[in-house]
Amino acid sequence: MFENYQDRFQHKSRQRQVFNAVLTLATGILTLVFPNLLYLIAGAYLLSLGLMFLAFRLPSPMIALPIVTGVLIFIFPELIPITFASFLGLFGLLMLFAMQLSILGVITIITAVLIIMNPDSVTYLIAFFMLTYSVSNLVSFYKDWKGNKDDGFDDDSVTIE
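Colleague: Where do I start with the overall build of the protein chain in this structure?
Modeller: Along the protein chain, the regular secondary structure elements total 7 helices and 0 strands. Secondary structure of the protein chain in N-to-C order comes out as α-α-α-α-α-α-α. Classification of the 161 residues of the protein chain by burial places 38% in the buried group. Here the analysis covers contacts within the protein chain between residues at least 6 apart in sequence; of these, 65% occur between residues at least 24 apart. Total accessible area on the protein chain stands at roughly 9400 Å², and carbon and sulfur atoms take up 66% of it.

Colleague: Would you explain the packing of helix H4 (residues 60-75) against helix H5 (residues 80-97) in this entry?
Modeller: For any two helices packed against each other, the geometry comes down to the angle between their axes and how far apart the axes lie. Across the interface, H4 lies against H5 with an axial gap of 9 Å and an inter-helix angle of 170°. For the element pair H4 / H5, the angle class is roughly antiparallel. Here H4 contributes Met62, Leu65, Pro66, Thr69, Leu72 and Ile73 to the contact with H5, which in turn contributes Ile80, Thr83, Phe84, Phe87, Leu90, Phe91 and Leu94. Within the contact of H4 with H5, the residues separate by chemical class into 11 nonpolar, 2 polar and no charged.

Colleague: Quick question: what am I supposed to make of unusual backbone geometry here?
Modeller: Working note: non-glycine residues mostly have negative phi, and peptide bonds are mostly trans. You will see that Arg57, though not glycine, has its phi angle at about 55°, which is positive. Within the secondary structure, Arg57 is located in the loop between helix H3 (38-55) and H4.

Colleague: What exactly am I supposed to notice about the environment of Arg16 here?
Modeller: The residue Arg16 is located in helix H2 (residues 14-33) in this model. What makes Arg16 buried here is its relative accessible area of 9%. Spatially, the C-alpha atom of Arg16 lies 7.8 Å from that of Met52, the residues being 36 residues apart in sequence.

Colleague: Please explain the packing of H2 against H3 as it appears in this structure.
Modeller: For the pair H2 and H3, interaxial distance at closest approach is 10 Å and the crossing angle is 175°. Our classification of the angle between H2 and H3 gives roughly antiparallel. Where H2 abuts H3, its residues Arg16, Phe19, Asn20, Leu23, Thr24, Thr27, Leu30 and Thr31 lie against Leu38, Ile41, Tyr45, Ser48, Leu49 and Met52. By residue class, the composition of the contact of H2 with H3 is 8 nonpolar, 5 polar and 1 charged.

Reading guide: rules and limits
Residues numbered from 1 in each chain as written. Predicted model: local features only at pLDDT ≥ 70, side-chain atom pairs only at ≥ 80, totals over all residues. Heavy atoms only, no water. Helix = DSSP H or I, 4+ residues; strand = E, 2+ residues; numbered from the N terminus. Buried < 20%, exposed > 50% of the residue type's maximum accessible area, 1.4 Å probe, protein only. Contact = heavy atoms within 4.5 Å. Areas by Shrake-Rupley, 256 points an atom, 1.4 Å probe, with all protein chains shown as cover. Axes fitted to C-alpha atoms, helices over the stretch in contact; angles between N-to-C directions. Parallel < 35°, antiparallel > 145°, perpendicular 65-115°, else oblique. Nonpolar A, V, L, I, M, F, W, Y, C, P; charged D, E, K, R; others polar.

Everything listed is a geometric property; what it means functionally is a separate question.
What follows is the structure, encoded as structure tokens:
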């Protein structure tokens, strides 16, 4: 099962990577600025993430996980620590096993454990995760972009001979 997901994530769309990073960065900043609206911000982020996964045709479990978590947060806002920690735990395991993003997967799982251990600090832990994840995606995108630019390869150019 994990091999199937691994194959699909090897060819990561740059557009999806940038959109995901910007969405996560905006969510992290909004979480820090408006901590009292955490359930709205987190729920909207998760629903947006699920819709983005749907638009980019990721596997069904990857689409369902954020959507179900976002709906649960909207319905039961008092359960944000449990629902978001569960989402992060499952997402971290997917990153570890399916996507082979070991460092980010470990950070995600540690953040989920910290949320369960300190539910009063859930806002700051979610903001930490969002900002870490978005910066990681932006740095990865920049490295890929810079590497392809140095090789003289441009994604947008098409040559017909």
